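Observations on the model geometry
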Amino acid sequence: MAMAVVSAPGKINLTLDILGRRPDGYHEMEMLMHAVSLENTIRLTEQEAPGIRLSCSNPAVPLGEKNLAYKAAQSFFEATGRERGIEIQVEKRVPMEAGMAGGSADAAGVLVGLNILAGAPFSADELCQIGLPLGADIPFCIRGGGGLVQGIGEKITPLPPLENAWLVIAKPSRGIKTGSCFAAYDALDTVRHPDTSQALEAWRLGNLPRLGELLENVLEQAVPLPEIQSIRRELCRSGALGSRMTGSGTAVFGLFADKKRALRCTRQMYQYGGSVFLVRPVDYGPRLLYRQESSAG
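Note that the structure is a prediction, hence the values are computed from the model and not measured. (Residues numbered from 1 in each chain as written. Predicted model: local features only at pLDDT ≥ 70, side-chain atom pairs only at ≥ 80, totals over all residues. Heavy atoms only, no water.)

Okay, the state of the cysteines next. Throughout the structure, instances matching the rule amount to 0 disulfides. No disulfide involves C56; its sulfur sits 16 Å from that of C141, the nearest cysteine. In this model C128 remains outside any disulfide bridge; the closest cysteine sulfur is found in C141, 9.9 Å from its own. (Disulfide = S-S within 2.5 Å.)

This is the structure:
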């Protein structure tokens, strides 16, 4: 049976702004996002019997039709008009309920991997169209790299990758559901919005100190967990150029221009429990690690 192994990066939000709520209930977004070197691994193995079989290294991840990787395989087969048999094995590294698009990364990896196994019938744009109804972060996860993301996630303007940057990410033990975070945001009376245009200019100039000053996430204001602010303060005390929660949380990142400072900070962050990662921005989305063709006979 043919098999492909794909690595799928998570992401962070350097800025996250909500411009309004649409009649269909979705929020109109404007975000600066970057893929990071914390990546899930997706193994796809073709099977003779039709159907989708999914397993995951993290027992807390729901399987079956509630899982985005499963849904992505369903949508891919619907788009091809051909039901096939596939076994999907997900090795999780991106934490759950972190705001790092771990589930969307899985879905993006499945779509890219299945496209490879099928002989690349779809372009990247077409894969994004297949993925968008499943999750707003999936198109960005397919594209990877850095980008200005607008609309509900479907409008992506590629940006040059951030160079000479390091990221310390600390995920407290408590998480929050994305829906709960957006509901709490909708109930806020006043919101501090990011200056996305200034942050975008700093990004394009490669001015990391200025970009660090402009990090902002409106959803952070809707998350009441005190450990979010404790982690942010510690990251900044440890030399981060700026720090924010990513996505709907609860992972918090610090932006560094110096690897040694980032390493020292990583060791200090374990005092807060949860998970700690030292990562870099990466300029890719899901990438093929290994492929095995069907054996003859």
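Let's shift gears to helix α6 (residues 196–205). The set of residues buried in α6 consists of T196, A199, L200, A202 and W203. Take α6 and look down its axis: the buried residues cluster within an arc of 160 degrees, on one side only. Of the exposed residues in α6, the ones pointing more than 90 degrees away from its buried face are S197, R204 and L205. For α6, the secondary structure elements touched by its buried residues are β1 (3–21), β2 (27–47), β5 (146–151), β6 (155–159) and α7 (208–213). (Buried < 20%, exposed > 50% of the residue type's maximum accessible area, 1.4 Å probe, protein only. Helix = DSSP H or I, 4+ residues; strand = E, 2+ residues; numbered from the N terminus. Arc of directions from axis to C-beta. Contact = heavy atoms within 4.5 Å.)

What follows deals with the pattern of salt bridges. Inspection of the entire model under this criterion finds 17 salt bridges. Residue D125 is joined to R143 by a salt bridge in which the shortest nitrogen-to-oxygen separation is 1.8 Å. Linking D125 in helix α3 (residues 124–131) with R143 in helix α4 (residues 138–143), this pair joins segments that are 18 residues apart in sequence. Between E216 and R192 there is a salt bridge, with its nearest N and O atoms 2.8 Å apart. Of this pair, E216 sits in strand β8 (residues 216–217) while R192 sits in the loop between α5 (178–186) and α6, placing them 24 residues apart in sequence. Of the residues examined, E216 reaches a relative accessible area of 7% and is grouped as buried. The exposure class of R192 is partly exposed, given its relative accessible area of 43%. (Salt bridge = Lys/Arg side-chain N within 4 Å of Asp/Glu carboxyl O.)

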